[in-house]
Amino acid sequence: MTILQKYDLAGRELANRFVMAPMTRARRPDYIANEETATYYRQRASAGLIITEGTPVSPEAQGYINVPGIWTAEQTAGWKLVTDGVHEAGGTIFAQLWHVGRMSHTSLQPDRGAPVSSTNKPVRNPKSMVFTYNEDGTTGFVEPSIPRALDTEEVARVTADFAHAARNAATAGFDGVELHAANGYLFEQFLNPILNDRTDHYGGSVENRARFTLETVDALIKVLGADRVGIRLAPHNQQFDMQDYDGVEETYFYLADQLAKRGVAYIHLNDNWAAGRSVVDDELLTKFRQRFSGTIILAGAMRFERAERLVEAGVIDLPAFGQPFIANPDLVERYRGGLPLAEPERATYYGGGNEGYIDYPHAAAG
Ligand SMILES: Cc1cc2nc3c(=O)[nH]c(=O)nc-3n(C[C@H](O)[C@H](O)[C@H](O)COP(=O)(O)O)c2cc1C
């Protein structure tokens, strides 16, 4: 039961190796984390490390309604309730800093402007819709709006928004931040050469496509120190109208080398299965490990047996679980006691009130 053992994450002791993966729950109509948000995370604080739901770093970074952000003082105070609760319960918590890029809609953007991206190419895939307001004020899924490619000079402004959010995260008492560079959002829109059609120094070569991500990592490190900055990556991701490409490994191995040089707290790989298949397999993980000797987290339909096997083989350090943590706030205790797992209710993943959010019982109480 190696995954129950303590772990040193860049000088911070985690109570065990379980990571709660970041999960948007879209329950904050005022975009501010509150007491219920704090209860939700505190209930799950026996995880060695919690990574929060993606929290937008600016109004422009939003792509879904009701998601608590981290750009204002009020939002920062809301998150403080969350970190206090988790710390009181002995947990560790990083904030996932998020910008959706083109996965947004004008109804969510400042002055109803176009969402920004590396490109003007829109998301056009019936499976990739944005949950927002309809013209009549009701909510529903709509096609993402046509984006506007960021000007070269503007890219630094977005990086500055992340630095601002990192300062707020420190004020809110987070143990660190995770840059969300996965799942088809803004940073991946720069990394992917099929989508990124830029001719400036943010497009073309691997170095250029990775530049924005690494500049932002550097900005976060400047604010918080490398030991408090992690990053989430999703090689071979095809979510949100992204396409796989030749040279994907070259791109991610370059990032691994660069992140190793910077000594970040961790790299969090998300296996976004495509066409029913795992895309971050053991072979890719092993090659990744050869380049990055720091902490590697892996998420994506993780199972206890695989977690134990990969950790014992030294291929990854920390297994992350998403959906199992929704219905099993005490996932760690259930594993320790060999107790059965509850199944989460999909209908209450996003939006709504406390039902399917903070009413899943602990096994002992259930
Ligand atoms: C309801 C829900 C919301 C999610 N929101 C986020 C998010 O905000 N940021 C992110 O990086 N991944 C998000 N994910 C992906 C999860 O972090 C995780 O990678 C994915 O669910 C696979 O892990 P699992 O099979 O253990 O659930 C979300 C997943 C779910 C189910």
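In what follows, the structure referred to is the one given above.
We now turn to the structure provided with this report.

Now for the overall build of the protein chain. For the protein chain, the helix and strand inventory stands at 10 helices and 14 strands. Projected onto the principal axes, the alpha-carbon positions of the protein chain cover approximately 55 × 50 × 40 Å. Of the roughly 14,100 Å² of accessible surface on the protein chain, 50% is carried by carbon and sulfur atoms. Averaging the positions of the 35 positive and the 47 negative side-chain charges in the protein chain gives two centres separated by 2 Å.

Another point: the packing of aromatic side chains. Considering all chains together, one arrives at 19 aromatic pairs under this definition. Through successive ring pairs, a cluster of aromatic residues spans Phe162, Phe187, Phe190, Tyr202 and Phe212. Of note, Arg291 hangs over the ring of Phe253, and the distance from its end group to the ring centre comes to 4.0 Å.

Another point: the sheet that holds strand S4 (residues 49-56). With parallel pairing, the 8 strands of this closed barrel are ordered in space as S3-S4-S5-S10-S11-S12-S13-S14. Direction of pairing for strand S3 (residues 19-20) relative to strand S14 (residues 318-321): parallel, over a ladder of 2 bridges. The partner of Val19 across the bridge, within S14, is Ala320. Against the sheet, helix H5 (residues 206-224) contacts strand S5 (93-98), strand S10 (176-181) and strand S11 (229-233), and its axis sits at roughly 170 degrees relative to S10. Along the sheet, helix H8 (residues 304-312) contacts strand S13 (295-299) and S14; its crossing angle with S14, the most-contacted strand, is approximately 160 degrees.

Looking now at the packing of H5 against helix H6 (residues 248-262). Think of two packed helices as two axes; the pair is described by the angle between the axes and how far apart they sit. Put simply, H5 and H6 touch, their axes get as near as 10 Å, and they point 30 degrees apart. The angle between H5 and H6 places the two elements in the roughly parallel class. At the point where H5 passes H6, the crossing takes the right-handed sense. Here Val206, Glu207, Arg209, Ala210, Thr213, Leu214, Val217, Asp218 and Ile221 of H5 come into contact with H6, specifically with Glu250, Thr251, Tyr254, Leu255, Gln258, Leu259 and Arg262. Each residue belonging to the contact of H5 with H6 can be placed in one class, and the counts come to 8 nonpolar, 3 polar and 5 charged.

Here we come to the site of the ligand. Around the ligand, the surrounding shell holds 18 residues, and the nearest of these are Pro22, Thr24, Arg232, Asn270 and Gln323. One of the side-chain N or O atoms of Asn270 is found 2.8 Å from an oxygen atom in the ligand. Contact between the ligand and Ala301: an oxygen atom at 2.8 Å from a main-chain N or O atom of the residue. Here the ligand loses 87% of its free accessible area of 610 Å² to cover by the protein chains. Broken down by class, the residue content of the shell around the ligand amounts to 8 nonpolar, 9 polar and 1 charged.

Among the nonpolar cores identified, the biggest contains 89 residues, and Phe18, Leu97, Leu233 and Leu259 are the most heavily contacted of them. A per-element tally of this core places H5 first, with 8 residues. Look past the residues within four positions of Leu233 in its chain and what remains in contact with it is Ala181, Ala182, Tyr252, Leu255, Leu259, Ile267, His268, Leu269, Asn270 and Phe288.

What follows covers the side chain of Asn192. Checked against the element boundaries, Asn192 lands in the loop between helix H4 (186-191) and H5. At 2.8 Å, the side chain of Asn192 and the backbone nitrogen of Ile194 are in polar contact. With residues near it in sequence (within four places) discarded, Asn192 still touches Arg209, Met242, Gln243 and Tyr245.

The next point concerns the pairing of S11. In summary, the side chains of a regular strand alternate between the two faces of the sheet. Counting buried positions along S11 yields 5 of 5 residues, so the element is predominantly enclosed. Burial of the side chains of S11 extends over both faces: Val229, Ile231 and Leu233 are buried on one face and Gly230 and Arg232 on the other. The sheet contact formed by S10 and S11 spans 5 bridges and is parallel. Counterpart to His180 in the pairing with S11 is Arg232. Where S11 lies against strand S12 (residues 266-270), 4 bridges are found, and the strand directions are parallel. Note on S12: the bridge partner recorded for Gly230 is Tyr266. Note that the unit made of S11, H6 and S12 has a crossover that is right-handed.

Before going further, it helps to spend a moment on the side chain of Glu188. Tracing the chain through its elements places Glu188 in helix H4. There is a polar contact of 2.8 Å between the side chain of Glu188 and the side chain of Asn237. Leave out the neighbours within four places in its chain, and Glu188 touches Ala181, Ala182, Asn183, Ala234, Asn237, Met242 and Tyr252.

Attention now goes to the pattern of salt bridges. The full count for this structure, using the stated rule, is 17 salt bridges. Linking Asp282 and Arg306 is a salt bridge whose minimum nitrogen-to-oxygen distance equals 3.1 Å. Of this pair, Asp282 sits in helix H7 (residues 282-291) while Arg306 sits in helix H8, placing them 24 residues apart in sequence. Overall, Asp282 belongs to the partly exposed group, its relative accessible area being 28%. A relative accessible area of 18% places Arg306 in the buried class. Taking the shortest distance from any N to any O, the salt bridge between Asp317 and Arg289 comes out at 2.7 Å.

Reading the values: rules and limits
Residues numbered from 1 in each chain as written. Predicted model: local features only at pLDDT ≥ 70, side-chain atom pairs only at ≥ 80, totals over all residues. Heavy atoms only, no water. Helix = DSSP H or I, 4+ residues; strand = E, 2+ residues; numbered from the N terminus. Areas by Shrake-Rupley, 256 points an atom, 1.4 Å probe, with all protein chains shown as cover. Lys, Arg positive; Asp, Glu negative; His and termini not counted. Charge placed at Lys NZ, Arg CZ, Asp CG, Glu CD. Phe/Tyr/Trp six-rings, centres within 6.5 Å; stacked < 30°, edge-to-face > 60°. Lys NZ or Arg CZ within 6 Å of the ring centre and 35° of its normal. Pairing = 2+ DSSP bridges. Contact = heavy atoms within 4.5 Å. Axes fitted to C-alpha atoms, helices over the stretch in contact; angles between N-to-C directions. Parallel < 35°, antiparallel > 145°, perpendicular 65-115°, else oblique. Left-handed = near helix turned anticlockwise from the far one by under 90°. Nonpolar A, V, L, I, M, F, W, Y, C, P; charged D, E, K, R; others polar. Near = heavy atom within 4 Å. Polar contact = N/O pair within 3.5 Å; in protein donor to acceptor, adjacent residues only side chain to side chain. Core = buried A, V, L, I, M, F, W, Y, C linked by side-chain atoms within 4.5 Å. Buried < 20%, exposed > 50% of the residue type's maximum accessible area, 1.4 Å probe, protein only. Right-handed = clockwise from strand over helix to strand, strands pointing away. Salt bridge = Lys/Arg side-chain N within 4 Å of Asp/Glu carboxyl O.

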